[in-house]
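Residues per chain, in single letters:
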Amino acid sequence: MRALRVDRPHSVALTEEPAPGPGSDELLVRPRAVGLCGTDLELIDGAVDPAYVRYPLVLGHEWSGVLADGTAVVGEGIVPCRACAACERGATNLCATYDELGFTRPGAAADELAVPARLVHRLAPGVDLAEAALVEPMAVVLRGLRRAAPEPGLRALVVGDGTIGLLAAHLLRLWSPAEIRVLGRRPEQAGLVAAAGADRFVLDAEEAGGGYDLVVEAAGAPEAVRTALGAAGRGGRVLLLGLAGTGRTAALPIDDTVNGDLTVLGSFAYTSEVWREAVHLLNTGEVAPGFVITHRFPLAEARRALAVLRGCNGPRGKVLLTLP
Ligand SMILES: [Zn+2]
Ligand SMILES: [Zn+2]
C-alpha cells in the first residue's frame, strides 16, 4: 500500500510499504479523507516535542474512512491505556503512556490503517466523509471550550484565522455568546470567518479591543499569546490551543495577569468523552464544520497539499487528502 511517511525530520515521501495486519482487537480501515494541519508540518520539520513523536512515522491523525463492510467511521487518534490513574478518571488525553496515530504509531495517510476497535465511531447515514475528517480538530477545540466553560451571553475573541480558530468560532455558538470576534492576519479569510458564524473579523489587535470574557488563542505564536492575554477582561479566561513549536516562549505580563484575576488555560488534545460528543454533534447535524474545507488533493499529490499548507494565496482552511 501507499503511505505518506516521515522517516526522520525533513524527509517526507509517499512510499510503498506492506499493509498492516490488524491485531485481534483492531479493525482495518480504508481511509477516505485525511486532514493535514500545522502539527503535520511540525512533525516533518522536527519541531514537535520529542516526548510526543517516534520516527519513522506515517502521517495522518485527522481522518474518516470505511470498514470492510462499508460502514463509515471516524476514530480517536490517541490510544489510551485504560489502566493508569488519568485514564481511570476519564482524562484519556493525559494517559501515562502517550500513544497516538500519526505520531507514535502509523497514521491514516495511507491506503490502509489498523485501529483499535474501541476507538472507532460509526457515522450516521448521509454524513459526508470529508466533513467527518474534521471530528479530530473539532474534538480538540471542544475539549478546550469545555475546560474554559463559557457561559451564555459571554463576549469572546478568537485569535487566529486558521482551521482551529475557525472551528473555535463555529463551536462557540453552541454556548449562545453575545458576541464572537475573530482577530486574524489574512484578509482573504474573511469569507471563512463569516461562514464560521463569527460576528466580526478584524485584522489588528487595536481594533479587536479588550475586556473579553473568553479569549481563545488559536494561532500558536508568541505574539498572539501576548495579544490574547491583553484582550481578556478582568476575571476573564484565556484558552491556549495553538502550539508554537517546542521550546518557544511568550512573555507573561505578571501584574496584569494578577490584577486582572485571569485564568490561563492550556488544553491538550481531547478525551474519549469529548470525542463522542464531537461525533454526536456531527451525526445529528448540530454543527456543520464542512465550510472550513478549502483544499482537497488525492493522496498521490500529497506534496502539493503540504506546499499549500505551508502557504498559499487566497482563503485557506482545512487541506484534505482524499483516497478512493
Ligand atoms: Zn491536526
Ligand atoms: Zn492511561
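Conventions used here
Residues numbered from 1 in each chain as written. Chains lettered and ligands numbered in written order. Predicted model: local features only at pLDDT ≥ 70, side-chain atom pairs only at ≥ 80, totals over all residues. Heavy atoms only, no water. Helix = DSSP H or I, 4+ residues; strand = E, 2+ residues; numbered from the N terminus. Rg over C-alpha atoms; globule rule 2.2 N^0.38 Å. Buried < 20%, exposed > 50% of the residue type's maximum accessible area, 1.4 Å probe, protein only. Contact = heavy atoms within 4.5 Å. Areas by Shrake-Rupley, 256 points an atom, 1.4 Å probe, with all protein chains shown as cover. Lys, Arg positive; Asp, Glu negative; His and termini not counted. Charge placed at Lys NZ, Arg CZ, Asp CG, Glu CD. Donors = N, O, S within 2.8 Å, 3.2 Å for Na, K, Ca; no water. Tetrahedral: all angles 85-135°; square planar, octahedral: opposite > 155°, others 65-115°. Pairing = 2+ DSSP bridges. Axes fitted to C-alpha atoms, helices over the stretch in contact; angles between N-to-C directions. Left-handed = near helix turned anticlockwise from the far one by under 90°. Nonpolar A, V, L, I, M, F, W, Y, C, P; charged D, E, K, R; others polar. Expected span 1.5 Å × (residues − 1). Phe/Tyr/Trp six-rings, centres within 6.5 Å; stacked < 30°, edge-to-face > 60°. Lys NZ or Arg CZ within 6 Å of the ring centre and 35° of its normal.

### Thoughts on the overall build of the protein
Of regular secondary structure, the protein possesses eleven helices and 16 strands. For the protein, the C-alpha radius of gyration of 19 Å lies close to 20 Å, the compact-globule estimate for 324 residues. By residue count, 55% of the 324 residues in the protein fall in the buried class. Partitioning the intrachain contacts of the protein with sequence separation of at least 6 by distance along the chain shows that 72% fall at a separation of at least 24. For the protein, the accessible area works out to roughly 13,700 Å², and carbon and sulfur atoms hold 51% of it. Mean positive and mean negative side-chain charge positions of the protein (31 and 38 charges, respectively) differ by 1 Å.

### A few points about the coordination of the zinc ion (ligand 1)
By definition of the ideal shapes, a tetrahedral metal site with four donors has angles of 109.5 degrees and an octahedral site with six donors has angles of 90 or 180 degrees. Each protein donor to the zinc ion (ligand 1) is listed here as Cys37 (SG), His61 (NE2) and Glu62 (OE); together their distances run 2.1 to 2.2 Å. The sequence pattern formed by the donor residues of the zinc ion (ligand 1) is C-x23-H-E. Highlighted residues: cysteine 37 in the loop between β3 (26-36) and α1 (38-45) and histidine 61 in the loop between β4 (57-58) and β5 (62-67), separated in sequence by 24 residues. Of the two residues, cysteine 37 and histidine 61, neither departs from the other in class, the shared state being buried.

### Quick look at the coordination of the zinc ion (ligand 2)
Ligation of the zinc ion (ligand 2) by protein atoms is provided by Cys81 (SG), Cys84 (SG), Cys87 (SG) and Cys95 (SG), these donors lying 2.3 to 2.4 Å from the ion. Classification of the site at the zinc ion (ligand 2) as tetrahedral follows from its four donor atoms and the range of 100 to 120° in their angles at the metal. By relative accessible area, cysteine 95 is classed as buried at 8%.

### What about the pairing of β3?
Where β3 meets strand β7 (residues 113-116), four bridges bridge the pair, whose relative direction is antiparallel. Counted as the bridge partner of valine 29 is leucine 113 from β7. Looking at chain direction, β3 and strand β16 (residues 318-322) are connected through four bridges and run antiparallel. Note that in β16 the partner of glycine 35 across the bridge is leucine 320.

### Describing the packing of helix α4 (residues 135-148) against helix α10 (residues 272-283)
When two helices pack together, their arrangement is captured by the angle between the axes and the distance separating the axes. Put simply, α4 and α10 touch, their axes get as near as 9 Å, and they point 120° apart. Note that α4 runs across α10; the crossing there is right-handed. On the side of α4, the interface is formed by Val135, Glu136, Met138, Ala139, Leu142, Arg143 and Arg146, while α10 contributes Val274, Trp275, Glu277, Ala278, Val279, Leu281 and Leu282. Per-class residue counts for the contact of α4 with α10 are ten nonpolar, no polar and four charged.

### Points about α10
Working note: α-helix, 3.6 residues per turn, so residues spaced by three or four point in the same direction. In this model α10 runs 16 Å from its N-terminal to its C-terminal C-alpha over twelve residues, within 8% of the 16 Å that 1.5 Å per residue would give. Along α10, the residues that are buried comprise Ser272, Val274, Trp275, Ala278, Val279, Leu281 and Leu282. Those residues of α10 that are buried lie in contact with β6 (72-75), β8 (120-122), α3 (129-132) and α4. In the segment just after α10, glycine 285 is the residue with positive phi, at about 80°.

### Considering the sheet that holds strand β2 (residues 11-16)
Judged by pairing direction, the sheet is antiparallel, and its three strands sit side by side in the order β2-β1-β4 without closing on themselves. The open sheet has two edge strands with one neighbour each: β2 and β4. Sheet analysis places strand β1 (residues 2-8) next to β4, joined by two bridges and oriented antiparallel. Opposite arginine 5, over in β4, you have valine 58 as the bridge partner.

### Overview of the packing of aromatic side chains
For the coordinates displayed, the defined rule picks out four aromatic pairs. Between the aromatic rings of tyrosine 52 and phenylalanine 268, the centroid separation amounts to 5.6 Å while the plane-to-plane angle is 50°, which identifies the pairing as tilted. Here tyrosine 52 is found in the loop between α1 and β4, whereas its partner phenylalanine 268 is found in the loop between β14 (263-266) and α10, with 216 residues between them in sequence. With a relative accessible area of 33%, tyrosine 52 lands in the partly exposed category. Grouped by ring-pair contacts, the aromatic residues Tyr52, Tyr98 and Phe268 constitute a single cluster. The aromatic ring of tyrosine 212 is capped on one face by arginine 155, whose charged end is 4.4 Å from the ring centroid.

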